[in-house]
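# Architecture at a glance
In case you want the letters, here they are:
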Amino acid sequence: MAGPDFETQIKQLRATLRTIEQVLDVDAMRAEIADLGEQVGAPDLWDDQENAQRVTGRLSMLQNELERFEGLSSRVEDVEVLVQMGREENDAETLAEAEAELRKLHKSVEALEVRTLLSGEYDGREALVTIRSGAGGVDAADFAEMLMRMYTRWAERNSYPVEVFDTSYAEEAGLKSATFAVHAPYAYGTLSVEAGTHRLVRISPFDNQGRRQTSFAAVEVVPVLEQTDEIEVDENEIKVDVYRSSGPGGQSVNTTDSAVRLTHLPTGTVVSCQNEKSQLQNKAAAMIVLKAKLLALKKAEERAHLDEMRGDVAASWGDQMRNYVLNPYQIVKDLRTTYEVGNPQSVFDGEIDGFLEAGIRWRRGAERAAADA
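These notes cover the structure that comes with them. Throughout, a residue's number is its position along its own chain's written sequence, starting from 1. It should be noted that, the model being predicted, local features are given only for residues of pLDDT at least 70 and side-chain atom pairs only at 80 or more, the latter also being counted only at that level, while totals for whole chains, interfaces and linings use all residues. In computing side-chain properties, one takes all heavy atoms of the structure into account and sets aside hydrogens as well as water.

So, about the sheet that holds strand 9 (residues 320-325). Think of it this way: DSSP has to see at least two bridges between two strands before they count as a pair. Runs of H or I in DSSP of at least four residues are treated as helices and runs of E of at least two as strands, each being numbered from the N terminus. An order of 2-3-1-5-4-9-10-11 is seen for the eight strands of this open sheet, with the pairing classed as mixed. The open sheet is flanked by strand 2 (162-169) and strand 11 (340-341), the only strands paired with a single partner. Sheet strands touched by helix 5 (residues 137-157): strand 1 (127-133), strand 2, strand 3 (175-182), strand 4 (196-203), strand 5 (212-223) and strand 9. Its angle to strand 5, the strand with the most contacts, is close to 45 degrees. Contact definition: two residues touch when any of their heavy atoms are within 4.5 Å. The axes used here are C-alpha line fits, helices contributing only the stretch in contact, and every angle between their N-to-C directions lies in the interval 0 to 180 degrees. Against the sheet, helix 9 (residues 353-372) contacts strand 9, strand 10 (331-334) and strand 11, and its axis sits at roughly 15 degrees relative to strand 10.

So, in structure tokens, the structure goes:
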């Protein structure tokens, strides 16, 4: 790499970090960390467990964000020193190391920059994801299971805990539906760009004639609620059904009526949970899912009302947002952002950060266009 390139790249990284620092409001972040630290140190903190969990969770999230920003700033300083050393000693190996570190830094800073675009009301929340098989029979059910594995592998790559609330298995293979939570800050803002209809094209492994099959699966993403969220649910408006869990086996599965299905009668919203051991636990978990979906429904109605007042907004997501093509060629392409990857297997193995970042940038652009309309 030519000498001047180092200076230009380091300068660009610093400029981007300054912008990120302003958006994150790092000074305010430090002040809030100090305040929360005092609250955590109070001897009566855990007298109110819900508040204690909120305070400690917020503190942990802010500390992680600050450490991430400060760590990147420190790495930029270190790479500049590395470049100086390499030049002073005319050491090609050291300069090559600096070049490799710069490439990594660009990716890390870009990822943090994308995080600053997540400024929606609920973007900082954990995510509740539901996947449903659509048209395509057994291939669609298999595709739904492939998507669930894709998201859980993505979570594993990022060390994000996943909690499965419900899995409804199809008769031959795959899933009819599944609901799970990703417990990480900004999981909702990040994964919300995955909402929509996903389409798979491949030679069906379930067709003995080896014909190409097109199948569909729907992905829904809503934020996990906090205690402060205002969503009232009247118990009298909920129909509760209990039934035996189904699935690949395990303790209590298929032996007791522990699975719970809740139907919110005014809206027709149905949720179920069967992955806990007791009916009481399943009901509590299902209520968490129901409240999250009702809040999302409320927000969607508000947005629809605003759109109606604003007029037609061109930036709509549409039904089909991504194609996964395995035959006659191999490609995964997002139809909104045009971002594509020629290795579908890596995508199904959880390497979806490129799609997420492109989707977040696309959405921000669409929001700005709608605001200006």
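Here we come to the sheet that holds strand 7 (residues 259-264). On the basis of which strands lie adjacent, the open sheet formed by three strands has the order 6-7-8 and antiparallel pairing. Where the open sheet ends on each side, the last strands, each with one partner, are strand 6 (238-243) and strand 8 (269-273). Across this sheet, the average inter-strand angle for adjacent strands is 15 degrees, counted without regard to direction. Both strand 6 and strand 7 contribute to a ladder of six bridges, which runs antiparallel. Along strand 7, the bridge assignment pairs V240 with L262.

A contiguous patch of negative charge, built from D44, D47, D48 and E50, is present on the exposed surface. Following the sequence through the fold, D47 ends up in the loop between helix 2 (26-40) and helix 3 (49-88). Taking relative accessible area as the criterion, D47 reaches 68% and is therefore assigned exposed. Like charges are joined within 9 Å and nonpolar side chains (Val, Leu, Ile, Met, Phe, Trp, Tyr) within 5 Å, but only among residues with over 30% relative accessible area and no salt bridge; these make up the patches. Using the Shrake-Rupley algorithm and a 1.4 Å probe, accessible areas are obtained, with residue cover drawn only from the displayed protein chains. In the sections that follow, a salt bridge refers to a side-chain nitrogen of Lys or Arg positioned within 4 Å of a carboxyl oxygen of Asp or Glu. In this charge count, Lys and Arg are treated as positive and Asp and Glu as negative; neither His nor the chain ends contribute. All charge positions are set by atom: Lys at NZ, Arg at CZ, Asp at CG, Glu at CD. Burial status follows relative accessibility: with a 1.4 Å probe on protein chains alone, a residue under 20% of its type maximum counts as buried, one over 50% as exposed, and anything between as partly exposed.

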